[in-house]
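Analysis of the macromolecular model
So you can see what is in the structure, the chains are spelled out below.
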Amino acid sequence: MRVLLIATYELGRQPFGLASPAAWLRARGADVTCVDTSREALAEETIRAADLIGFHVPMHTATRLAIELIGAVRELNARAHLCFYGLYAPVNEAYLRKLGVQTVLGGEFEQGLTSLVRRLESEAGNLAGNEAQREPVISLERQNFLAPDRSGFLPLERYARLTLPNGEELLAGYTEASRGCKHLCRHCPIVPVYDGVFRIIPREIVLQDIRSQVEAGAAHITFGDADFFNGVGHALPIIEAFHREFPGVTYDATIKIEHLLKHREHLATLRETGCLFVTSAVESIDDAVLEKLAKNHTRADFVEVIRACREAGLALQSTFVPFTPWTTRESFCELLDFIGQHDLIESVAPIQLAIRLLIPAGSRLLDLDEIRGWVGEFDDSALAYPWKHSDAGVDQLCSELQGLVNNCEKMKLSRAQTFARMVEMARRAAGLAIAAANPLAIVGVRPGIPHLSEPWYCCAEPSGEQLAAIEELGRRIPRGAAFV
């Protein structure tokens with residue numbers, strides 16, 4: 001069985017979502033090819049040769065990019081069985097099946113892919129038939145994981161790097177120690193699939209994956225768990241063993257504000273074992289909005305976490321969803337003021353301040369009466385429920401800020417320089433005095449923190465630039481320009 005696994009966008013990381021199932025399928029005897037189209041072109045002969053083509057769709061942008069590829073893939077190989085797997089597959093199942101996708105897998109998908117290969121082998125000659133899917137669309141069963149197989153991947157030099165405050169760059173690897181999440185944040189794309197279920201990947205499997213990447217040159221590892229402290233008793237032994245074996249290799253992890261407070265005694269452990277920074281999805285400093293999002297923390301909690309992390313010598317990278325139906329021009333300026341006053345300018349990637357709330361299929365945001373009253377009919381092409389702010393000026397500000405961030409990136413401006421321009425734009429939109437903000441006086445107060453060269457974000461609509469890229473891809477693919 002010749003299997004082609006495709007990743008379209010995974011935030012510049014070498015795709016774990018290809019490496020893990022590749023190990024399972026190769027152990028089953030399949031001939032597996034992995035292609036990351038964010039870093040390399042698809043070869044036409046690879047598509048034509050495949051019996052099964054699987055797209056990994058862990059996020060919204062990746063799913064839209066993958067959908068744009070379906071038509072061209074079908075033109076080149078109409079007989080192959082088409083599968084979408086990952087977080088965004090089951091919530092978009094109906095639309096994907098309309099497009100000709102035959103198998104949809106979410107949750108713990110490796111076993112489902114292995115079962116699919118076994119079934120297709122037994123049904124040789126009927127790969128693209130219309131038989132009903134036998135594998136569960138969502139599986140939360142515990143799996144006996146295998147170490148991810150990264151053979152055949154592009155080298156780490158082709159992926160996102162860790163940038164240190166002095167400008168030095170380190171090769172970065174990526175792994176996962178768990179899946180799912182215990183929490184039910186309303187805007188989170190994990191919740192419709194896992195619904196509060198949390199699954200761990202055995203410690204030795206995680207360490208084997210780290211070893212393979214360190215051997216390939218990684219000097220830093222990102223733990224991509226939704227919340228590394230969902231299972232703190234699982235996470236701590238992993239980082240301690242990791243540090244003993246590779247004391248010179250650093251790492252980062254994502255941890256909820258709630259858990260940083262609850263387990264604050266372990267912040268020093270993180271620092272001592274080589275954690276350079278922790279990413280935490282703060283989302284808002286407005287307690288009313290935080291309650292609507294079911295984040296289970298408050299503005300005061302965030303302030304306390306800032307203090308605790310600084311006392312522990314641990315850098316905190318904060319992420320936000322600043323543009324929601326409840327945002328006002330004034331409240332956005334308040335967020336910028338908060339960031340400046342708490343010396344967080346270097347701790348927030350500029351794109352984080354231009355993100356607009358995404359409401360995908362299955363979102364728990366639809367539990368809120370006010371959200372149901374604001375959204376339009378589900379837009380298949382956008383894979384989201386459209387919404388407009390009651391103040392058109394807020395939507396305009398968001399769009400203008402996205403353009404500003406894009407231009408500042410092209411000019412290679414620092415985070416502080418970009419932030420100063422964002423303050424000026426926001427205060428002008430709110431009719432507030434720009435001089436009062438004094439943006440140039442607050443930049444660069446605190447030294448920069450280590451960060452990855454492609455910013456972390458989720459729960460967001462693609463920016464205008466991303467949408468333009470998707471549209472351009474759609475125009476090019478039918479003519480074969482995306483293939484070699």
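Residues numbered from 1 in each chain as written. Predicted model: local features only at pLDDT ≥ 70, side-chain atom pairs only at ≥ 80, totals over all residues. Heavy atoms only, no water.

1. Quick notes on the overall build of the protein
Along the backbone of the protein there are 20 helices and 15 strands. Out of the 484 residues belonging to the protein, those deemed buried represent 58%. Sequence-distant contacts in the protein: of pairs separated by 6 or more residues, those separated by 24 or more amount to 76%. Only carbon and sulfur atoms are counted for the fraction: they give 50% of the accessible area of the protein, which is about 18,700 Å². (Helix = DSSP H or I, 4+ residues; strand = E, 2+ residues; numbered from the N terminus. Buried < 20%, exposed > 50% of the residue type's maximum accessible area, 1.4 Å probe, protein only. Contact = heavy atoms within 4.5 Å. Areas by Shrake-Rupley, 256 points an atom, 1.4 Å probe, with all protein chains shown as cover.)

2. Looking at the sheet that holds strand β3 (residues 52-56)
In spatial order, the strands read β2-β1-β3-β4-β5-β6; together these six strands make up an open sheet with parallel pairing. A strand with exactly one partner marks an edge of an open sheet, and here the two such strands are β2 (31-36) and β6 (138-139). Both strand β1 (residues 2-7) and β3 contribute to a ladder of five bridges, which runs parallel. Among the inter-strand pairings, I6 is bridged to a residue of β3, identified as F55. Against the sheet, helix α6 (residues 110-122) touches β1, β3, β4 (81-85) and β5 (103-107), its axis set at about 170° to β4. (Pairing = 2+ DSSP bridges. Axes fitted to C-alpha atoms, helices over the stretch in contact; angles between N-to-C directions.)

3. Comments concerning the pattern of salt bridges
The tally for this structure, following the rule as stated, stands at 26 salt bridges. With a shortest N-O distance of 2.9 Å, E135 and R119 are connected by a salt bridge. Linking E135 in the loop between α6 and β6 with R119 in helix α6, this pair joins segments that are 16 residues apart in sequence. You can call E135 buried: its relative accessible area is 5%. A salt bridge links R271 to E272; its shortest N-O distance comes to 3.3 Å. Exposure remark for E272: the relative accessible area of 48% places this residue in the partly exposed category. Salt bridges sharing partners connect three or more residues here, namely E108, E110, E176 and R179. (Salt bridge = Lys/Arg side-chain N within 4 Å of Asp/Glu carboxyl O.)

4. Re the nonpolar core
Residues F223, L270, F302 and L353 are the most contacted members of the largest nonpolar core, which totals 74 residues. Residues within four places of L353 in sequence aside, it is in contact with F320, P322, F323, F332, L335, L336, I339, V348, L401, F419 and M422. In terms of nonpolar packing, the next biggest core, distinct from the first, is built from 35 residues, L4, I6, L96 and A384 among them. (Core = buried A, V, L, I, M, F, W, Y, C linked by side-chain atoms within 4.5 Å.)

5. Quick notes on the sheet that holds strand β14 (residues 315-320)
Sheet architecture is open: seven strands sit in the order β14-β13-β12-β11-β8-β7-β15, paired in mixed fashion. A single partner strand is all that each edge strand has here, and the edge strands are β14 and β15 (451-452). In this structure, strand β7 (residues 161-163) lies alongside β15, joined through two bridges in antiparallel fashion. Bridge pairing in β15 links L162 to L452. Packing of helix α8 (residues 203-215) onto the sheet brings it into contact with β8 (169-175) and β11 (220-223), and relative to β8 it is tilted by some 150°. Helix-sheet contacts for helix α9 (residues 232-245) involve β11 and β12 (250-254), and the interaxial angle to β11 is about 170°.

6. As for the pairing of β12
The element β12 is extensively covered by neighbouring structure, given that five of its five residues are classed as buried. Here β12 shows a buried face lined by T250, D252 and T254 and a second buried face lined by Y251 and A253. Pairing of β11 with β12 involves four bridges; the strand directions are parallel. Counted as the bridge partner of H220 is T250 from β12. Of the crossover connections in this fold, the one passing from β11 over α9 to the parallel β12 is right-handed. In this sheet, strand β13 (residues 275-283) lies alongside β12 in parallel orientation, the contact comprising four bridges. Counterpart to D252 in the pairing with β13 is F277. (Right-handed = clockwise from strand over helix to strand, strands pointing away.)

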